[in-house]
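Analysis of the macromolecular model
What follows is the residue order along each chain.
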Amino acid sequence: MSDKGKSLNFIEHIIEEDLRNGFPDHLLRFRFPPEPNGYLHIGHASSICLNFGLGLRYDAPVNLRFDDTNPTKEEQEYVDAIKKDVEWLGFSWDKECYASDYFQQLYDWAEALITDGKAYVDSQNSGDIAAQKGTPTEAGTNSPYRDRPVEENLELFRKMKEGAFEEGAHVLRAKIDMASPNMLMRDPVMYRILHRAHHRTNTDWCIYPLYDWTHGESDYIEQVSHSLCTLEFGPHRELYDWFLDQVTASDKVRPKQREFARRNLSHTVVSKRKLLQLVEQGHVNGWDDPRMPTISGLRRRGCTPAALRSFAETIGIAKRENVVDVALLDHHMREDLNKITPRVMAVLDPVRVIITNYPKEGEEWVQAENNPEDPNSGHRELPFSGELFIEREDFREEANRKFFRLKLGGEVRLKNAYIIKAESVKKDREGEILEIHCTYDPKSRSGSGTPESLRKVKGTLHWVSARHAIRGEVRLYDRLFSDPTPDGHKEKNFLDFINPDSLMTVTAIMEPGLKDAKPGERYQFQRLGYFCVDSDSTEGHLVFNRTVTLRDTWAKIELKQV
RNA sequence: UGGCCCAUGGUGUAAUCGGCAACACUACUGAUUUUGGUUCAGUCAUUCUAGGUUCGAGUCCUAGUGGGCCAACCA
């Protein structure tokens, strides 16, 4: 990484300390361990950048490990989507791993634990087991099966594995301490019976290990040195260490679990359950709807991997509760998009301009910079004529001097073309403006070098020649929720805060060169924002998604005037 | 009637051994600009509270306050 001079986050401090204490840097190894039961979201992006970022910083391998121990929820579809997202973010994993690859090893270790008297088969139902757990303030009570003889445990466990029992008939539990102040240490369940096909092991197994028994041992098998997870796993650390104690050899790396606070983004939710609800109840059009905070949604909206990475870098990592302002994400998207996107002109809410002193059927071509931020981006030719479209909100019959745009009797520069002056308007019976009649200064053409062309006029507008224009669908997205913390209200459901105007679709007028735009391509529509060609586009029907607007100082001025 | 974690501007994150509270975003000023974009300059903090240790505390100690997590055969 290029951040050697940067201050360290608390995880890096821990690693630096381990290194100082003699941990060999070539044994550093990390992992990103998603469960393939849903799509990755921006919170995962942060975790991906953390783990893979550490890999880059310390030149250490990072595994992509699927935590696939629950066949009732997990599917291959999610595995594929997750791999695509991680790759798209720009990271390469060392090994592609699956917890399910370790089922046999885990099983063998479980038998050893039983033999050691450290695990037993409990034949109660889940309700009874839960009842015996006690509460955070009261000790639990021992299961009547807790002192089952080793031989009987072994026999039952083997039969569980062979499929001799119904789901729920028995579980394997670690024998730890039913009075522990940490509820996770009260004889946690290690295996349950599930007669379900697994997306990788199919029907090979009918007992499946639970998270706590699986995760640390998987880290150990892969020789992960630092296993990073979110804060809610803090209490699990004691159990993680206990399970590791049962198997760790002295000459192997003993993985270290550390916890960080998940990143929350304002004006959205990042919980798989809630995202699923948005999809299933049709509040959005799927997991990759551009309003979704999923990586696939952000990608479809036009966000770049670089923007997501620099965003993750900026928000950092710590242990306190947080809500990151979505405006910061917007900033990082604009920062990257400003550098890389070609500028084009498109009018979202058109009104017709007639230049009365322009030759009737005349037309000419003007030159436009493709990207002022990129000197190598070159220029393109744009058709100009006496009949144009401009943005309806760029004209007012009357306005004060703060309004830099077109008004009756006022002048304005048409970007890359001429200075025009509004003379009169034509309206329909309802008073809606149909045409703005203007005159132009023929000597004011951009780049011509004439004194007239060098005149300073306050406003510059984007425009499209009516005769040459093409049309396209533009989807204007806004934040999905109107409240900064939609799921932070005890009394109200997060769905109550859904922004009814999160999607507005318009037909826009666009410069003709856009007709060959391909899905995934990003543009800046000048003075409007950044837009990305959507995958819904078909031959002859272009669809653009608005990624993010440009910063809009005028909108703020206007707001204050009201 | 318990255990664990956390507390620094509006937001997020820094601050070496205890030594001038820093960076980014937002907001607001101003300059530049043929995008009201970009760029540039500037403004915005009693480090949760109260004690204590110290020449010196965001940092260490004690107590309090506030917040989060823990009783899935989920991860």
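Our subject is the structure that appears above.
Residues numbered from 1 in each chain as written. Chains lettered and ligands numbered in written order. Predicted model: local features only at pLDDT ≥ 70, side-chain atom pairs only at ≥ 80, totals over all residues. Heavy atoms only, no water.

Residues of strand 5 (residues 171-174) alternate between two faces, with Val171 and Arg173 on one and Leu172 and Ala174 on the opposite face, all of them buried. Judged from the 4 bridges that link them, strand 4 (residues 119-122) and strand 5 form a sheet pairing that is antiparallel. Residue pairing for strand 5: aspartate 122 is matched across the bridge by valine 171. Bridge analysis of strand 5 against strand 6 (residues 189-193) gives 3 bridges, and the strand direction is antiparallel. Each residue of the ladder has a partner; that of valine 171, found in strand 6, is arginine 192. (Buried < 20%, exposed > 50% of the residue type's maximum accessible area, 1.4 Å probe, protein only. Helix = DSSP H or I, 4+ residues; strand = E, 2+ residues; numbered from the N terminus. Pairing = 2+ DSSP bridges.)

Here we take up the packing of helix 11 (residues 305-315) against helix 12 (residues 326-340). Packing of helix 11 against helix 12 leaves a shortest axis separation of 8 Å and a crossing angle of 135 degrees. By the criterion of interaxial angle, the relationship of helix 11 to helix 12 is oblique. The element helix 11 and its partner helix 12 pack so that their crossing is right-handed. Taking contact as the criterion, the partners of Ala306, Ala307, Leu308, Ser310, Phe311, Thr314 and Ile315 in helix 11 are, on helix 12, Leu328, Leu329, His332, Met333, Glu335 and Asp336. Its residues assigned to classes, the contact of helix 11 with helix 12 shows 8 nonpolar, 3 polar and 2 charged. (Axes fitted to C-alpha atoms, helices over the stretch in contact; angles between N-to-C directions. Parallel < 35°, antiparallel > 145°, perpendicular 65-115°, else oblique. Left-handed = near helix turned anticlockwise from the far one by under 90°. Contact = heavy atoms within 4.5 Å. Nonpolar A, V, L, I, M, F, W, Y, C, P; charged D, E, K, R; others polar.)

For the rest of this paragraph, the subject is helix 8 (residues 236-247). Over its 12 residues, helix 8 runs 17 Å from end to end, which matches the ideal 16 Å to within 8%, given 1.5 Å per residue. Looking only at helix 8, the buried set comprises His236, Leu239, Tyr240, Trp242, Phe243, Leu244 and Val247. Looking at the buried positions of helix 8, the neighbouring elements they touch are helix 4 (103-115), strand 5, strand 6, helix 7 (211-222), strand 8 (226-230) and strand 9 (256-260). (Expected span 1.5 Å × (residues − 1).)

An order of 1-2-3 is seen for the 3 strands of this open sheet, with the pairing classed as parallel. Bordering the open sheet on either side are strand 1 (30-32) and strand 3 (96-98), each of which pairs with just one other strand. Between one strand and the next, the sheet's axes are offset by a mean angle of 35 degrees, whatever the strand orientation. Of the strand pairs in this sheet, strand 1 and strand 2 (residues 62-66) are connected by 3 bridges, and their pairing is parallel. Residue arginine 31 lies in a different strand from strand 2, and its bridge partner there is asparagine 63. Packing against the sheet, helix 7 makes contact with strand 1, strand 2 and strand 3, and its axis sits at approximately 140 degrees to strand 2.

This part takes up the environment of aspartate 128. If you trace the backbone, aspartate 128 turns up in helix 5 (residues 126-132). With relative accessibility at 38%, the residue aspartate 128 sits in the partly exposed group. The sequence separation of aspartate 128 and serine 143 amounts to 15 residues, and the corresponding C-alpha distance is 8.9 Å.

With that settled, the discussion passes to the pattern of salt bridges. Under the defined criterion, the tally for this structure stands at 43 salt bridges. Linking aspartate 288 and arginine 300 is a salt bridge whose minimum nitrogen-to-oxygen distance equals 3.3 Å. Linking aspartate 288 in the loop between helix 9 (272-280) and helix 10 (295-301) with arginine 300 in helix 10, this pair joins segments that are 12 residues apart in sequence. A relative accessible area of 18% means that arginine 300 is categorised as buried. Residue aspartate 394 is joined to arginine 527 by a salt bridge in which the shortest nitrogen-to-oxygen separation is 2.2 Å. Remark: arginine 527 occurs in the loop between strand 25 (522-525) and strand 26 (529-533) and aspartate 394 occurs in the loop between strand 15 (387-391) and strand 16 (395-396); sequence separation between them is 133 residues. Salt bridges sharing partners connect three or more residues here, namely Asp288, Arg300, Glu473, Arg475, Asp534 and Asp536. (Salt bridge = Lys/Arg side-chain N within 4 Å of Asp/Glu carboxyl O.)

We now examine the side chain of aspartate 394. Judged by its relative accessible area of 1%, aspartate 394 is buried. At 2.2 Å, the side chain of aspartate 394 and the side chain of arginine 527 are in polar contact. If we ignore the near neighbours within four places in the chain, the residues touching aspartate 394 are Phe403, Arg405, Leu406, Leu461, His462 and Arg527. (Polar contact = N/O pair within 3.5 Å; in protein donor to acceptor, adjacent residues only side chain to side chain.)

Turning next to the environment of leucine 337. With respect to the helices, strands and loops of the structure, leucine 337 is situated in helix 12. When near neighbours in sequence (up to four residues on either side) are disregarded, leucine 337 contacts Gly302, Thr304, Arg343, Arg522, Tyr530, Thr547 and Val548.

Quick look at the nonpolar core now. If you look at the biggest cluster of nonpolar residues, it comprises 47 residues, and the most contacted ones within it are Ile48, Val86 and Leu329. Element by element, the count of residues in this core is highest for helix 2 (residues 42-57), at 7 residues. Of the residues that make up this core, three or more belong to each of domain 1 (10-260) and domain 2 (272-342 + 472-561). With residues up to four places along the chain from it excluded, the contact list for leucine 329 reads Ile42, Leu265, Leu298, Leu308 and Phe311. (Core = buried A, V, L, I, M, F, W, Y, C linked by side-chain atoms within 4.5 Å. Domains from an automatic or database assignment.)

The next point concerns the sheet that holds strand 27 (residues 543-549). Read across the open sheet, the 7 strands follow the order 10-25-26-27-23-24-11; overall the sheet is mixed. Strands at the two margins of the open sheet, each flanked by one partner only, are strand 10 (343-344) and strand 11 (346-347). Across 5 bridges, the pairing between strand 26 and strand 27 is antiparallel. Within strand 27, the position partnered with glycine 529 by the bridge is threonine 549. Against the sheet, helix 12 touches strand 10, strand 25, strand 26 and strand 27, its axis set at about 115 degrees to strand 27.

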